[in-house]
Every structure is written in structure tokens, then in C-alpha cells.
Amino acid sequence: MLVNMTQILQVAREQNFAVPAFNVSHDAMLKGVMEACEEQRSPVILAIHPDELSYTTDSFVAMCRDFANKTTLPVVIHLDHGATLRQVYRAARDGFTSVMIDASSKPFEENIAITKEVVAFAHPLGISVEGELGTIGTADDALEGGTATIKYTKPEDAALFVEETHADCLAIAIGTAHGIYPKGFDPHLKINLLKEIKERVNVPLVLHGGSGNPDSEIAEAVVNGINKVNISSDIKHAFFVKCREVLTDQRVREPNIIFPPCIGELKKTAIHKIKLFRSNGKARYYTAD
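Thresholds, definitions, all that
- Every chain is numbered independently, its residues counted from 1 as its sequence is written.
- With pLDDT at 70 or above as the cut-off, local features in this predicted model cover only qualifying residues; side-chain atom pairs require 80 or more to be listed or tallied, and sums for whole chains, interfaces and linings still use all residues.
- Each side-chain value is worked out from all heavy atoms of the structure, with water and hydrogens disregarded.
- The classification of residues rests on relative accessible area computed with a 1.4 Å probe and restricted to protein chains. Under 20% of the type maximum is buried, over 50% is exposed, and intermediate values are partly exposed.
- Elements are defined by DSSP. Helices are runs of H or I of four residues or more, strands are runs of E of two residues or more, and each kind is numbered from the N terminus.
- Note on pairing: two strands pair once DSSP finds at least 2 bridges between them.
- When the strands point away from the viewer, a crossover counts as right-handed if the route from the first strand across the helix to the second turns clockwise.
- Take the residue count of a helix, subtract one, and multiply by 1.5 Å to get its expected span.
- Contact criterion: two residues are considered in contact whenever any of their non-hydrogen atoms come within 4.5 Å of each other.
- Note on terminology: a nonpolar core comprises buried Ala, Val, Leu, Ile, Met, Phe, Trp, Tyr and Cys residues joined through side-chain atoms within 4.5 Å.

**Student:** Would you mind showing me how to read the pairing of strand E2 (residues 44-48) here?
**Tutor:** Two faces belong to every sheet, and in a regular strand the side chains alternate between them. With 5 of 5 residues buried, E2 is to be regarded as a mostly interior element. Side-chain alternation along E2 places Val-44, Leu-46 and Ile-48 on one buried face and Ile-45 and Ala-47 on a second face that is also buried. Of the pairings in the sheet, the one linking strand E1 (residues 19-23) to E2 comprises 3 bridges and is parallel in character. Looking across to E2, one finds that Asn-23 is bridged to Ala-47. Handedness of the crossover is the feature at issue here: the chain leaves E1, passes through helix H2 (residues 27-40), returns alongside E2, and the resulting connection is right-handed. By the bridge criterion, 5 bridges tie E2 to strand E3 (residues 75-82) in an arrangement that is parallel. Directly across from Val-44, in E3, lies its bridge partner Val-75.

**Student:** Quick question: what am I supposed to make of the pairing of strand E4 (residues 98-101) here?
**Tutor:** Alternating residues of E4 divide into Ser-98 and Met-100 and Val-99 and Ile-101, and every residue in both groups is buried. In this sheet, E4 lies alongside E3 in parallel orientation, the contact comprising 3 bridges. Within E4, the position partnered with Leu-79 by the bridge is Val-99. Running through helix H5 (residues 85-94), the crossover from E3 to the neighbouring parallel element E4 is right-handed. Where E4 meets strand E5 (residues 128-133), 3 bridges bridge the pair, whose relative direction is parallel. Paired with Val-99 across the strands is Val-129, a residue of E5. Regarding topology, helix H6 (residues 108-122) serves as the crossover connection from E4 to the parallel E5, and that connection is right-handed.

**Student:** How do you make sense of helix H11 (residues 255-276) when you look at a structure like this?
**Tutor:** Because an α-helix packs 3.6 residues into every turn, residues spaced three or four apart end up facing the same way. In this model, H11 (22 residues) spans 31 Å end to end at C-alpha, consistent with the 32 Å of a helix rising 1.5 Å per residue. Among all positions in H11, only Ile-258, Cys-262, Ile-263, Leu-266, Lys-267, Thr-269, Ala-270, Ile-271, Lys-273, Ile-274 and Leu-276 are buried. Its buried side turned inward, H11 meets E1, H2, helix H9 (215-223), strand E10 (226-231) and helix H10 (233-246). Positive phi shows up at Arg-278, right after H11, with a value of about 65°.

**Student:** Is there a simple way to think about the nonpolar core in this case?
**Tutor:** One recurring pattern in soluble globular proteins is that nonpolar side chains are buried together. By size, the foremost hydrophobic cluster in this structure holds 70 residues, and its most contacted members are Phe-22, Val-33, Leu-46 and Leu-170. No other element matches H11, which puts 8 residues into this core. Ignoring anything within four residues of it in the chain, the contact list for Leu-170 reads Gly-131, Glu-132, Leu-133, Ala-158, Phe-161, Val-162, Val-203, Pro-204, Leu-205 and Val-206. Counting residues in each nonpolar core, the second largest holds 16 residues, with Val-3, Met-5, Ala-12 and Cys-169 among its members.

Listed below in C-alpha cells is the structure:
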């Protein structure tokens, strides 16, 4: 069933778990994510970045909506890291149920003004809005972007930001970076900072870019208030490592031969994340199975 971000994260906040937000940019990836979530009975957020949307085109959103309408799982279709109002408008026309407006690199007041404008447009349409405060790092050429250094979210700024914008959830910077972390990169989450932010804001909190952080840190972040975790690099890495292996056989040319083992590897990673975020079995809180 198709829902918006507010509906899916309100339950996660009440039950103290995190909903996985998997970036999907190919029908095989979409199939793998949905199969993993069905097997684990997990709610799911299908995230599509504007760059991914430019590749998949608008018709891919219709495919995502079709998957959502044919499952009893709660499913959000979410614009990931929207950077402009034009991208938000396109998402609304396509049938996204949630949008992120990422003005985190702008001055604080400008970030508030841009996010407020998106909220004013989106809320009357039943579309939820994710804002971002602080900046996370970038570990490779991840399409989600990031900055060379992490600008941590200040708890007092987070409280004012939510109060002023009425954003439905907030992505915060507590020590992550987008992409697969290079060798020697030693990330650490500031759990005490997370606790301070949670005490000050009354909306669900979001973690971006945790591919290289230890599972123990991610699990601790979920227990202490993170209700949505974005996953892109991890599932794509698993998918394409297997794809390269399959394609070493020069006789292979049919998609129905190439993609099933790749989907299988993606599912293994997705299921690991679902269990790590404690979202397995949580579909029962949204619908009578």
C-alpha cells in the first residue's frame, strides 16, 4: 500500500525502529528490494535521486507505484536529495509521496526559507517533506553529494529549523559520509549528539551515508532515535560485483540469466540492513496480515 513519509515514520518512531530507504534505479534493483522486504515483512521507502530519475525516466515511478499498490507492505516513493523546486514539482507530477529538499549547503536562514516553500507546496497535496541540517561527508563520487568535511548538526538549530519549516522529518549530520568509504577512513557516529537532537525535536530523524560505519554504531543510532536510514552504495555494490562476475562468461546475454543472481546478492545485503534497523516484521503495525 502506498503511504507518505509521515505515515510510515510515525509508527517507526512509536515502536523505536528505522525504516530502510533503498535507492532504486533499475527494475532489477526494485524487484530485489521489494522481494527482500516482502520476505522480512518490512515497511520500505523506495528512494530515487534526481540523477537516477533522469536515467530511469518518469515511467519508472509508475512501476514503483504498481509494486506499492500490489503489496500489503507500507511503501513510500521518495525523492532523495532534491536540490531545486523544479525537481520537487516533477516528483509531485510523477506521483512521489514524499520529497527531500536538500538545502543543507546553503546558509541556515536560506535553508529554512527554501524548505518552507517546499512544505507549503507539498503538504496540501499529501506529500511529506524531509529537510536536512548540517552536511555529511563524501567518501567517493557518490551521486548524493556531500562535502569534504562534516558540518555537524547543532541541536538548537535543529529545534528552530523544525519549528520554522514544519518539515515532517529531518536528516542530521552526526558523523557519516556518502558512498563506500576508502581504506583508512575511520568513521564514528556522535551518539550523544543524536540524543541531544532527539530531545529537542518532535519529528523522526534520518541518517544518510552510513555505508562504512560499523553495524554496532548504526544499531545504536536506531535505538537512540534514528527512524529512517538511507542505503544506496551497499546494495548497488553487491548487485554489480555479482554482475561483473556473471558477465565473465561471454556466452551469457539474456537478462533473465544475468540479473537473478545479482538480485540474490542485493537481497542478502538488503535483508542484513532490514534486520540491523529492526524493521523486520514491523509491517504488522500498519496492516492486519
